[in-house]
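# Commentary on secondary and tertiary structure
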Amino acid sequence: MTVSPLSPTQLHTFETALGVRRIELTEQTQRLADTFAGVQSARTDGSADGAHDAEASSLRTEWSRMSGFQAEAVQELAAIDRALLRIADGTYGLCVRGGERIPDGRLEIKPAADLCIACAEKAAARR
Ligand SMILES: [Zn+2]
């Protein structure tokens, strides 16, 4: 079995950073969910005059903007959970595709990174 190339101290640091980010994202998605609920009830209570139409349209814009944030936050949360699992099973810091070591600098910027730079670039080029 492949063993994480990071020291226990480094793993602890990344685990803490991931945990903090996870809490932030969980709170953010919860707030967005509450806002969605608020927007929905505002839309069902309203009257159908012209002013309301303008408001409804700006709500729709706001709604799609929030949906985008929500989708990103949910994806990032999933990436963080996968990173925490890799810390638990000892493969954190290794590229999930090629098994190469992910540079520390990359993990510091993006602790949930699961690809080395070369694989991430290949993945981005395919998109
Ligand atoms: Zn790789």
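Cut-offs applied
- Residues numbered from 1 in each chain as written.
- Predicted model: local features only at pLDDT ≥ 70, side-chain atom pairs only at ≥ 80, totals over all residues.
- Heavy atoms only, no water.
- Phe/Tyr/Trp six-rings, centres within 6.5 Å; stacked < 30°, edge-to-face > 60°.
- Helix = DSSP H or I, 4+ residues; strand = E, 2+ residues; numbered from the N terminus.
- Buried < 20%, exposed > 50% of the residue type's maximum accessible area, 1.4 Å probe, protein only.
- Donors = N, O, S within 2.8 Å, 3.2 Å for Na, K, Ca; no water.
- Tetrahedral: all angles 85-135°; square planar, octahedral: opposite > 155°, others 65-115°.
- Core = buried A, V, L, I, M, F, W, Y, C linked by side-chain atoms within 4.5 Å.
- Contact = heavy atoms within 4.5 Å.
- Polar contact = N/O pair within 3.5 Å; in protein donor to acceptor, adjacent residues only side chain to side chain.
- Arc of directions from axis to C-beta.

## Examining the packing of aromatic side chains
Per the stated rule, a full pass over the model turns up one aromatic pair. Pairing Phe 14 with Tyr 92 gives two aromatic rings, centres 5.6 Å apart and planes at 50°, and the pair type is tilted. Of this pair, Phe 14 sits in helix H1 (residues 8–45) while Tyr 92 sits in the loop between helix H2 (50–89) and helix H3 (104–109), placing them 78 residues apart in sequence. Judged on exposure class, the residue Phe 14 and its partner Tyr 92 are both buried.

## So, the coordination of the zinc ion
Ideal donor angles around a metal are set by the shape: a four-donor tetrahedron calls for 109.5 degrees, a six-donor octahedron for 90 or 180 degrees. Taken together, Cys 95 (SG), Glu 100 (OE), Cys 116 (SG) and Cys 119 (SG) make up the protein donors of the zinc ion, found 2.3 Å from the metal. Around the zinc ion, the four donor atoms sit at angles spanning 91 to 136°, and that spread fits a shape best called irregular. In primary-sequence terms, the residues that donate to the zinc ion follow C-x4-E-x15-C-x2-C. Highlighted residues: Glu 100 in the loop between H2 and H3 and Cys 116 in the loop between H3 and helix H4 (117–126), separated in sequence by 16 residues. Glu 100 sits in the partly exposed class, given a relative accessible area of 34%.

## Section: the nonpolar core
Grouped together as the largest cluster of nonpolar side chains are 22 residues, with contacts concentrated most on Leu 6, Leu 18, Tyr 92, Cys 95, Leu 107, Ala 112 and Leu 115. Those elements that place two or more of their residues in this core are H1, H2 and H4. Considering each element in turn, this core owes the most residues, six residues, to H2. Those residues in contact with Leu 18, other than ones at most four positions away along the chain, are Ile 80, Ala 83, Leu 84, Ile 87, Tyr 92, Pro 111 and Ala 112.

## Notes on the side chain of Thr 29
Mapped onto the fold, Thr 29 is located in helix H1. Within polar-contact distance, the side chain of Thr 29 engages the backbone oxygen of Thr 26 at 2.9 Å. Once residues within four sequence positions are removed from consideration, Thr 29 is found in contact with Gln 70, Ala 73, Val 74 and Leu 77.

## Brief notes about H4
Every buried residue of H4 is listed here: Cys 119, Ala 120 and Ala 123. Taken end-on, H4 shows its buried residues confined to a sector of 100°, consistent with a single buried face. Opposite the packed face of H4, turned more than 90 degrees from it, sit the exposed residues Glu 121 and Ala 125. The secondary structure elements touched by the buried residues of H4 are H3.

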